[in-house]
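A look at the structure
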Amino acid sequence: MSDTDAAERAARRVLLATSGAMVAAVGTFNVTVVAREHPVLPLWYLIVVIAAAATTIVGGAASPLLSTRMLRRTAGAATVLFWATVILFAPAAAMSEVERMPWVLTASSAATACALVAFGPRAAWATLAIGTLAGVAYRLTFGGFDLDGIVNDSHALLTAAVVCVLGGHVLSVGAGLDAAAAERRAAAARESSERGRLAARTHAAALVHDEVLATLVLAASELPVPLDRLAVQARRAAAMVTSLVDDGAREPLPLDAELVTEARRHGAELTCDIDGPLLLDDGVTTAMLGATRQALTNAARHAPLARRQVHLRARENDVRIDIVDDGPGFEMARIGDDRLGIRQSIVGRIERLSGGAAEIVSAPGVGTRVTLRYAKPAVGVEMAAVTDSAALRRGVTRIGVGYVVLQGLCAAAATVIAPHTWALQLAALVLILTTAELLRRSLPAAPSWPRSFGVIALVVGTTIATVVVAPLTYGTLWPVMALSFLLVPLALRGRTGTALVGAALVVGVLIAAGAAQGVAAGQILQLVTRPGLVVGVAALMLYVIARMQSRIVVLHHEAVAAAERQSWSMSARAELRERADDLAASVVPLLNRIAEGRPPSSEERRAYAAQEGRLRDDLRAGGLAREPLRSAVAAARARGVDVVLLDDSGGCADDGIEAAVGWMAESVAEARRHVVGRLHPDGRAVRATIAVDGRPHVFDAVSGHDPSRSFHGE
């Protein structure tokens, strides 16, 4: 099953399961307690009612096993069946004698949740409106428009509105998490793709430097190199070029495991000090491993008898590798910038990482220490859900307005039925609105603990006062039901535990009062159902939001990691394939010729030298390796001129490089012995410099040309 909608699917499952639980609770109560006579409605209508209830209950129970499509279809079937029970009640009631509406018509909260799962917020509000209007019409037509009916329908409407608003918020959070995850996966894939290409280029450059260039230099020289050993080296280089794609695009093992193999291969001692799992991006592992390999190769080449040691130290966000040898060492000041083994394969590899740094310390007689560091960049909160906060505010406003209107309606209905209680009804209404205002004034922050305890005290105190002065019926206890709804915004503002405690106290007071007055158990159950249900559903949904934002984010992080790995591998393989094809066409034929083991001709030596120069330019010339400078350099080398091109721009060269390259090509054409051209970092006043036969030229980044068009120092 795809995880692209994991959070939204989880939200729909919870809503469907909640609706099933509500229908099961109300249905069980009505079937076992309220229904005292045989049903008088037609059998066909009872079948529709049972089907509506069963579909909701079974769908809720099976929701953990359903896909998103099946969740929506099941919830849609339950919604349509609820609409059918509402619409078909009129002809069914006309065919029989009924005194009150069946319980399923008052279960608009569950139907609203189902409509929300299947069709969205608009359908949920429409279902709520259908249930409310039909309930009013049927009570006026078929009876039941009394205080109990008015209070029940008012609070059923409020419960459905709470479910609609909170359920819509749950879906919004889920969809927001999925959208944020999809965006993060796409961004991670793009970033990983770039890292994969960079790692592939670095890997290919290391191969060219370590194997191909060394072979071509020896083949082009006049030194008495043993041809058989040179042939072996050429065959090894050609084989490595051929296997470049498979070797370079494989997903690396954890860094410590890779270092074990690398240290053994170079005869080095390895020590590891790792605090927890070593979790690094593939590109970081590849770069650190490649730089370590080059440092060990240099140590083995220049200090073959020295002791070589590798120390790995890793903490949560920091990794450090020290490669140490006790060889003769060297003077750092005498190492030129054109030394590719240091410049590209060690320092360049690491410094191209965000958070990477490399340091080389050496001196004659004290050995060499190469230190590679990587500090994982700090990241902010990823995949935070972007929710429709405006819709939530509108929903809460609707509930607030509806709450005030409906409680006024309940107070008026109670006064009409019992006029002598008008003062008590007015006092209850004032107390309810005062408590609501106490909560409203704390928005949008969480209510303080004194304010929260004050709300609980008012709710529980009013419940106690009401059960003392009024009979225990659903209609006369409307203030208790009304105050129970005020525990929902308390939970919404971060006081979920306090709200649940308040609901439990209200339920406890009602049970104690009913037991003391000898009220039937069924009637007590009827009284405590609404306060416990509305607060419990709100708390459950808020809990789901919190859990979903943590558990689903973990799931999406795993998907992001998988997307990164796939993107890294595909991009690295594509880059290596392109590079391998180029080397196969330009270099492998020369390596195969060297591998024959016969003495090279003068023409072949020139071909080896020319190819070595082009490869060296590709490695260190960067943005300078383009026309017309490439052709000018090739012509100069054909005349015997030694040409070195260096790109110090860090890959940040702007469009002005074209003018600098053209200017540099003209200067190279004048050379007779040697040339050193350098491209400076972007933003410098001096864009490029070139030394031709020891005389420097300067390219002005502002004017776009050599300001004097003369050689400095003359």
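Structure's up top.
Here the structure is a predicted model, which means the values were calculated and not measured.

1. Description of the overall build of the protein chain
The secondary structure content of the protein chain amounts to 22 helices and nine strands. Counting every position in the protein chain, which comprises 714 residues, the buried fraction comes to 48%. By element, 60% of the accessible surface of the protein chain is carried by carbon and sulfur atoms, the whole surface being about 33,100 Å².

2. Topic: the packing of helix α20 (residues 602-620) against helix α21 (residues 629-638)
Where α20 contacts α21, the axes come no closer than 11 Å and their chain directions differ by 140 degrees. Considering their axes alone, α20 and α21 lie oblique with respect to each other. Handedness of the α20/α21 crossing: right-handed. Contacts between α20 and α21 involve G613, R614, D617 and D618 on the former and, on the latter, R630, V633 and R637. For the contact of α20 with α21, the residue count by class is one nonpolar, one polar and five charged.

3. A few points about the environment of M481
Within the secondary structure layout, M481 lies in helix α15 (residues 478-485). Taking relative accessible area as the criterion, M481 reaches 1% and is therefore assigned buried. Taking the C-alpha atoms as reference, M481 lies 9.0 Å from T463; in sequence the two are 18 residues apart. With residues near it in sequence (within four places) discarded, M481 still touches H155, Y474, L527, R530 and P531.

4. So, the nonpolar core
Formed by 81 residues in total, the largest nonpolar core has its most connected members in L477, W478, L487 and L510. For this core, the element with the most residues is helix α6 (residues 147-220), which contributes 14 residues. Ignoring sequence-local partners within four residues, the contact set of L510 consists of T463, V467, L477, V480, I524, L527, V528 and P531. Counting 29 residues, the second largest nonpolar core, distinct from the first, contains A200, V241, W568 and L615.

5. Describing the side chain of S154
Among the secondary structure elements, S154 is positioned in helix α6. Assessed through its relative accessible area of 4%, S154 is described here as buried. At 2.8 Å, the side chain of S154 forms a polar contact with the backbone oxygen of I150. If near-sequence neighbours (up to four positions away) are discounted, S154 is found in contact with L406, L409 and C410.

6. Some thoughts on the environment of A92
With respect to the helices, strands and loops of the structure, A92 is situated in helix α3 (residues 68-94). Once the C-alpha coordinates of A92 and L41 are considered, the two residues, 51 residues apart in sequence, prove to be 6.4 Å apart.

7. Looking at helix α19 (residues 588-595)
Residues of α19 that are buried include every one of V588, L590, L591, I594 and A595, and no others. Taken down its axis, α19 places every buried residue within 160 degrees of arc, on the same side. Following α19 by one or two positions, G597 has its phi on the positive side, about 80 degrees.

The rules behind the values
Residues numbered from 1 in each chain as written. Predicted model: local features only at pLDDT ≥ 70, side-chain atom pairs only at ≥ 80, totals over all residues. Heavy atoms only, no water. Helix = DSSP H or I, 4+ residues; strand = E, 2+ residues; numbered from the N terminus. Buried < 20%, exposed > 50% of the residue type's maximum accessible area, 1.4 Å probe, protein only. Areas by Shrake-Rupley, 256 points an atom, 1.4 Å probe, with all protein chains shown as cover. Axes fitted to C-alpha atoms, helices over the stretch in contact; angles between N-to-C directions. Parallel < 35°, antiparallel > 145°, perpendicular 65-115°, else oblique. Left-handed = near helix turned anticlockwise from the far one by under 90°. Contact = heavy atoms within 4.5 Å. Nonpolar A, V, L, I, M, F, W, Y, C, P; charged D, E, K, R; others polar. Core = buried A, V, L, I, M, F, W, Y, C linked by side-chain atoms within 4.5 Å. Polar contact = N/O pair within 3.5 Å; in protein donor to acceptor, adjacent residues only side chain to side chain. Arc of directions from axis to C-beta.

Everything listed here is a matter of geometry and, on its own, says nothing about what the molecule does.
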